[in-house]
Amino acid sequence: MPGERSLSDVLRNSLNNSDLPFRDFVELALYHPEFGYYARPESPVGREGDFITSPLLSPVFSFALGRLIDEFMSRSGDAVWQVVDIGCGDGALIRALAQGAGGRGSGIGERPCAFFGVDRNLGRAQPQPDVTYATSLGDIPPAEARLIISNELFDALPFARLVQRGEELHELWVTERDGALDWTEHEADARYDEYFAERGIELDDGQFADVSLEWPALYGDLCRFVQRGLIVTFDYGLPQTKLFRGRMRRFGTAAAYSRHRVSRDLLVNPGEQDLTAHINFDDLRLTGERQGFASRFFDIQAKFLLALGAAEHELLKPVGEVTVDNAEDGMALLEARDDARRLILPDGIGADIRVLVQERGMGREEWGFQTKLF
Ligand SMILES: C[S@@+](CC[C@H](N)C(=O)[O-])C[C@H]1O[C@@H](n2cnc3c(N)ncnc32)[C@H](O)[C@@H]1O
C-alpha cells in the first residue's frame, strides 16, 4: 500500500483490518517483495548472516554432489540434460557445480547440458556465464533428463502453527495487543483437519504442530517437471511418525534464527529473523511415489555425502598427507577441515539434515549413493 515504509507498516495496516493467520504472517515476514526477510539485499545465509547452510559451510558439499553429477551424466546417454538447484539463494551451490563439472573435464562443453538456479527472489543471485537463473521452473527450456537439487527449500516455506485443544484443532493467528504483536487462536482451517485425518495422525491434547500445505504441493510441481531424472532434497525434517510424536515434540518445531542464535520468539522483529519449521518428509516421498518415482535413498546427510565419496576431498584426508607453507595457512586449513567435518559428523548438520532421493526413468541399477557404509 502507498505510504508503507517497513514491514511493521505493512503488518499494522493488515492487522487494522483483521487478525492474520500465522501462516500469512510468515509469508509476509519472509517473502514480502520489498520488506521480507529474503528480499533484503544482504544474504541471510553465511558466517556474517543468521544461519549457515551446507553449500556455504564447505566446498566438500559441492565436491560430493559433483560425483553425483558425473554418475547422472554417465547414465543419461546422449540426452539433453540439466542440473537445477531450486531455492538456490545467491547461487553458490549451482555455480560451484557448474564450475566443478567444467573443471573436472567431464566434456560438458561438448555435451547438451545446462545449469540453472531457481529462486522466488533472485536479488542476491551472483552471475556466472555457465549458470542461468529463473524465478520459476516454467522459465526453464525443455530437457530429456533432469537432476533437481534443493537445500533447505522446503523448511523455508510458509507454515501454519496448530494446537490441539480437546477435540478441536486450533490454528494460531497473529493480532495486535497494546501496540505489540501477540498470539490468538481460532478454529483451524478445515484443510489442516484434513491434513492430519488423511495421514492418520492424532495430536495429544495441548500438542503443537507446524505444517505447510506447500510441502506436497511444491514437491508435486518438481515431480511434473522431471519426466526422467532424479530429485535430491536436503532438508531439516523427519518422517511423520517422528515429526508429530507428542512426547518428543509437544511444542512443534517452529524456530526463529538471528545471528546464529535460535529462539522460539517467532513474532519479534518480523522481516529481520528467519522463521522455519521441520518438514514432513513423508509428504514429499508419497507425492513422488504417487507420480511413479522410486525412492532410492532416505537417510541423514552424513551417510549420503560419505557414500558419494566426500571423504576423498583433500579437506578430509588424514593430517599427515597435507603440507602447509606457514602458520596462517595452517590455521585457515584447520578451520576449513573443521567445517568439512561438520558436514559429515553425526551431530549437528550431518545428522539433522536428511536427504531424500527419488528417481524416475533412469533404470533399475543401484546408484553410488546407495552403497551401504555402516
Ligand atoms: C534457507 S534458503 C536456502 C538457500 C540455499 N539453497 C542454501 O542452501 O544456502 C531458502 C531459499 O528458498 C527460496 N524459496 C522459497 N520458496 C521458494 C519457491 N517456492 N521457489 C523457489 N525458491 C523458493 C528462498 O527465496 C530462499 O532463497
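Structure report, in brief. (Residues numbered from 1 in each chain as written. Predicted model: local features only at pLDDT ≥ 70, side-chain atom pairs only at ≥ 80, totals over all residues. Heavy atoms only, no water.)

Examining the site of the ligand
- Taken together, 17 residues sit near the ligand, with Tyr-31, Thr-53, Gly-87, Asp-119 and Asn-151 positioned nearest.
- A distance of 2.7 Å separates a nitrogen atom of the ligand from a polar atom in the backbone of Gly-87.
- In this structure, Asp-119 approaches the ligand through a side-chain N or O atom, which is 2.6 Å from an oxygen atom. (Near = heavy atom within 4 Å. Polar contact = N/O pair within 3.5 Å; in protein donor to acceptor, adjacent residues only side chain to side chain.)

Some points on the packing of helix H4 (residues 60-75) against helix H10 (residues 301-308)
- Orientation of H4 relative to H10, taken along the N-to-C sense of each, is 60 degrees, at an axis distance of 8 Å. One element, H4, and the other, H10, form an angle in the oblique class. Crossing geometry of H4 relative to H10 is assigned as left-handed. For the pair H4 and H10, the contacting residues are Phe-61, Ala-64, Leu-65, Arg-67 and Leu-68 in the first and Gln-301, Phe-304, Leu-305 and Leu-308 in the second.
- Each residue belonging to the contact of H4 with H10 can be placed in one class, and the counts come to seven nonpolar, one polar and one charged. (Axes fitted to C-alpha atoms, helices over the stretch in contact; angles between N-to-C directions. Helix = DSSP H or I, 4+ residues; strand = E, 2+ residues; numbered from the N terminus. Parallel < 35°, antiparallel > 145°, perpendicular 65-115°, else oblique. Left-handed = near helix turned anticlockwise from the far one by under 90°. Contact = heavy atoms within 4.5 Å. Nonpolar A, V, L, I, M, F, W, Y, C, P; charged D, E, K, R; others polar.)

As for the state of the cysteines
- Under the criterion given, the structure shown has zero disulfides.
- In this structure Cys-223 is not part of a disulfide, and its nearest cysteine sulfur, from Cys-88, lies 20 Å away.
- For Cys-223, a relative accessible area of 0% puts it in the buried group. (Disulfide = S-S within 2.5 Å. Buried < 20%, exposed > 50% of the residue type's maximum accessible area, 1.4 Å probe, protein only.)

Observations regarding the packing of aromatic side chains
- Using the criterion set out here, one finds 18 aromatic pairs in the structure.
- Judged by centre distance (5.0 Å) and plane angle (55 degrees), the rings of Phe-281 and Phe-298 are tilted. Remark: Phe-298 occurs in strand E15 (residues 294-300) and Phe-281 occurs in helix H9 (residues 281-290); sequence separation between them is 17 residues.
- Phe-298 sits in the partly exposed class, given a relative accessible area of 32%.
- Here the aromatic residues Phe-61, Phe-234, Phe-297, Phe-304, Trp-367 and Phe-369 are joined through ring pairs into a cluster of three or more.
- Stacked on the ring of Trp-367, the Lys or Arg Arg-75 has its end atom at 3.9 Å from the ring centre.
- Note that Arg-146 overlies the ring of Phe-225, its terminal NZ or CZ placed 3.7 Å from the centroid. (Phe/Tyr/Trp six-rings, centres within 6.5 Å; stacked < 30°, edge-to-face > 60°. Lys NZ or Arg CZ within 6 Å of the ring centre and 35° of its normal.)

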